[in-house]
Amino acid sequence: MTVYLVGAGPGDPGLLTRRGGELLASADVVIVDRLVDRRLLEEVPEGATVILAGKHGHDPSASTTQEQINALLLEHGARSEVVVRLKGGDPFVLGRGGEEVLALAAAGIDVEVVPGISSALAVPALAGVPVTHRGVSQAVTIVSGHNGTNGDVDWAALAASGATLVLLMAVAARSGIAAALVEGGLPPGTPVLAVEWGSTPAERRVATTLGALGDVHLEAPAVIVIGAVTDLAGLTSDQPR
Ligand SMILES: C[S@@+](CC[C@H](N)C(=O)[O-])C[C@H]1O[C@@H](n2cnc3c(N)ncnc32)[C@H](O)[C@@H]1O
């Protein structure tokens, strides 16, 4: 009996790993994150139990809490042979996968992690944006914008770092974050690319600047990439699938 934390990738079913696909095809129970593309569930065998257990960042009433998810993992992990916990992107990138491993390990339930393609890297890549590019940016920082400027992120230090910034969960707080980055020294004209629903048929790309980020229409889920590498967007011919 094992619980597998499987990274589902950013959306396009073609971006699920082969190992993830094999496990889905042999699952007895699949516990699915909110952002996981539903097309992936076509891999699940008939008769398997599928539980939709997602968190909605700013709407707790529409959410399954992390405690409830952990309880589901423990319940099914203790009695089913193959339990797949299908998580968006990579389970260990801003996905609370570590907490799920801790809860399962503490209960003595076998747990394995199957890495996935994180939206933080894949969504920019599909838009033609290399998050690092020789002579432009030698580092990339993936950061949560969930708590905006009220959390423990040092936005001034990030502004001064010279790294490409990739913001997840930052749509709601983007105005304050942009202002903090400008205050920290990034020019308001710094180019920004935001991509909603990357790698899916609903994908929408918005090119803007840091100074205007708060004014453009943007809906979650989106990856927001800040830095000169975004000037390279649009040269490739990937089609959202
Ligand atoms: C809780 S985090 C999980 C990140 C995930 N573990 C990963 O590696 O991609 C959810 C956030 O990831 C971003 N995200 C995930 N999938 C996305 C997609 N297909 N397009 C745009 N943003 C996405 C959004 O910022 C969203 O609010």
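Here the structure is a predicted model, which is why all the values come from computation and not from measurement. (Residues numbered from 1 in each chain as written. Predicted model: local features only at pLDDT ≥ 70, side-chain atom pairs only at ≥ 80, totals over all residues. Heavy atoms only, no water.)

What follows is about the side chain of Arg174. With respect to the secondary-structure elements, Arg174 resides in helix H6 (residues 174-183). From its side chain, Arg174 meets the backbone oxygen of Leu213 in a polar contact 3.1 Å long. Residues contacting Arg174, with those up to four places away along its chain left out, are Leu213, Gly214, Val216, His217, Leu218 and Ile224. (Helix = DSSP H or I, 4+ residues; strand = E, 2+ residues; numbered from the N terminus. Polar contact = N/O pair within 3.5 Å; in protein donor to acceptor, adjacent residues only side chain to side chain. Contact = heavy atoms within 4.5 Å.)

Trp155, Leu167, Leu181, Ile224 and Ile226 are the most contacted members of the largest nonpolar core, which totals 23 residues. The element that contributes the greatest number of residues to this core is H6, accounting for 4 residues. Among all residues touching Ile224, those that are not within four sequence positions of it are Leu165, Val166, Leu167, Ala170, Val171, Arg174, Val192, Leu193, Ala194, Leu213 and Leu218. If you look at the next biggest cluster of nonpolar residues, it comprises 18 residues, including Val6, Val44, Val84 and Val114. (Core = buried A, V, L, I, M, F, W, Y, C linked by side-chain atoms within 4.5 Å. Buried < 20%, exposed > 50% of the residue type's maximum accessible area, 1.4 Å probe, protein only.)

The next thing to look at is the domain arrangement of the protein chain. Partitioning the protein chain into structural domains gives domain 1 (2-114) and domain 2 (119-232). Each of domain 1 and domain 2 was reduced to a C-alpha centroid, and the two centroids are 27 Å apart. Taken together, the 12 residues of domain 1 in the interface contact 17 residues of domain 2. In this assembly, domain 1 packs against domain 2 so that about 920 Å² is buried in total across both faces, 74% of it on carbon and sulfur atoms. Taken together, domain 1 and domain 2 are joined by 0 salt bridges. The interface formed by domain 1 and domain 2 includes 2 residue pairs in polar contact (both at pLDDT 80 or more). Broken down by class, the residue content of the side of domain 1 that touches domain 2 amounts to 5 nonpolar, 4 polar and 3 charged. (Domains from an automatic or database assignment. Buried area = accessible area lost by both parts, 1.4 Å probe. Salt bridge = Lys/Arg side-chain N within 4 Å of Asp/Glu carboxyl O. Nonpolar A, V, L, I, M, F, W, Y, C, P; charged D, E, K, R; others polar.)

Taking burial as the measure, the 5 residues of strand E10 (residues 222-226) include 5 buried ones, the bulk of the element. Burial along E10 is two-sided: Ala222, Ile224 and Ile226 facing one way and Val223 and Val225 facing the other are all buried. Of the strand pairs in this sheet, strand E7 (residues 164-168) and E10 are connected by 3 bridges, and their pairing is antiparallel. Among the inter-strand pairings, Leu165 is bridged to a residue of E10, identified as Ile226. (Pairing = 2+ DSSP bridges.)

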